[in-house]
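# Breakdown of the fold
Residues per chain, in single letters:
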Amino acid sequence: MTYLKTAILMAGTALFASVLSASAGSPAETFAAMDVDADGLVSETEFVAYTTRKGEHTAETASAKFASGVGHKLGLGHETIGV
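Below: a short report on this structure. (Residues numbered from 1 in each chain as written. Predicted model: local features only at pLDDT ≥ 70, side-chain atom pairs only at ≥ 80, totals over all residues. Heavy atoms only, no water.)

This part covers the overall build of the protein chain. In terms of helices and strands, the protein chain carries 5 helices and 2 strands. Reading the protein chain from its N terminus to its C terminus gives the helix and strand order α-α-β-α-α-α-β. Classification of the 83 residues of the protein chain by burial places 27% in the buried group. Put simply, 46% of the contacts in the protein chain that link residues at least 6 apart link residues at least 24 apart. Accessible surface computed for the protein chain: about 4,900 Å², of which carbon and sulfur atoms make up 63%. (Helix = DSSP H or I, 4+ residues; strand = E, 2+ residues; numbered from the N terminus. Buried < 20%, exposed > 50% of the residue type's maximum accessible area, 1.4 Å probe, protein only. Contact = heavy atoms within 4.5 Å. Areas by Shrake-Rupley, 256 points an atom, 1.4 Å probe, with all protein chains shown as cover.)

Shown next as structure tokens:
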């Protein structure tokens, strides 16, 4: 794996982990809060909305992290993050 791919993976994983750890609930509760339409997947729109809700991340940053393959890199799919 190249350095750039490793850096992107680490940054994306860190953002996703920070989103999960910033919530008061369990990971399952956080996922449910992100999955607004309850289809078992978190779309880019849902991820960006959840990630930016407190003003700690910009929509551009969240969207870029999602587009960089955060879900795919975590083994959760490419265009959505699912369980």
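We now examine the environment of Thr61. In this fold, Thr61 is placed in helix 4 (residues 59-67). For the pair Thr61 and Val48, spaced 13 residues apart in sequence, the C-alpha separation works out to 8.7 Å.

Below, the discussion takes up the packing of helix 2 (residues 27-34) against helix 3 (residues 44-52). Where helix 2 contacts helix 3, the axes come no closer than 9 Å and their chain directions differ by 115°. The orientation of helix 2 relative to helix 3 falls into the category roughly perpendicular. Counting all contacts with helix 2, which are made through Thr30, Ala33 and Met34, the residues of helix 3 involved are Glu46, Phe47 and Tyr50. Residues of the contact of helix 2 with helix 3, tallied by class, amount to 4 nonpolar, 1 polar and 1 charged. (Axes fitted to C-alpha atoms, helices over the stretch in contact; angles between N-to-C directions. Parallel < 35°, antiparallel > 145°, perpendicular 65-115°, else oblique. Nonpolar A, V, L, I, M, F, W, Y, C, P; charged D, E, K, R; others polar.)

Time to look at the packing of aromatic side chains. Applying the stated criterion across every chain yields a total of 1 aromatic pair. Ring centres 5.5 Å apart and planes at 45° place the aromatic pair Phe47 and Phe66 in the tilted group. Of the two residues, Phe47 sits in helix 3 while Phe66 sits in helix 4, which places them 19 residues apart along the sequence. What makes Phe66 buried here is its relative accessible area of 3%. When the ring centre of Tyr50 is taken as reference, the NZ or CZ atom of Arg53 above it lies at 3.7 Å. (Phe/Tyr/Trp six-rings, centres within 6.5 Å; stacked < 30°, edge-to-face > 60°. Lys NZ or Arg CZ within 6 Å of the ring centre and 35° of its normal.)

In short, the description is geometric, and any link to function would need to be established separately.
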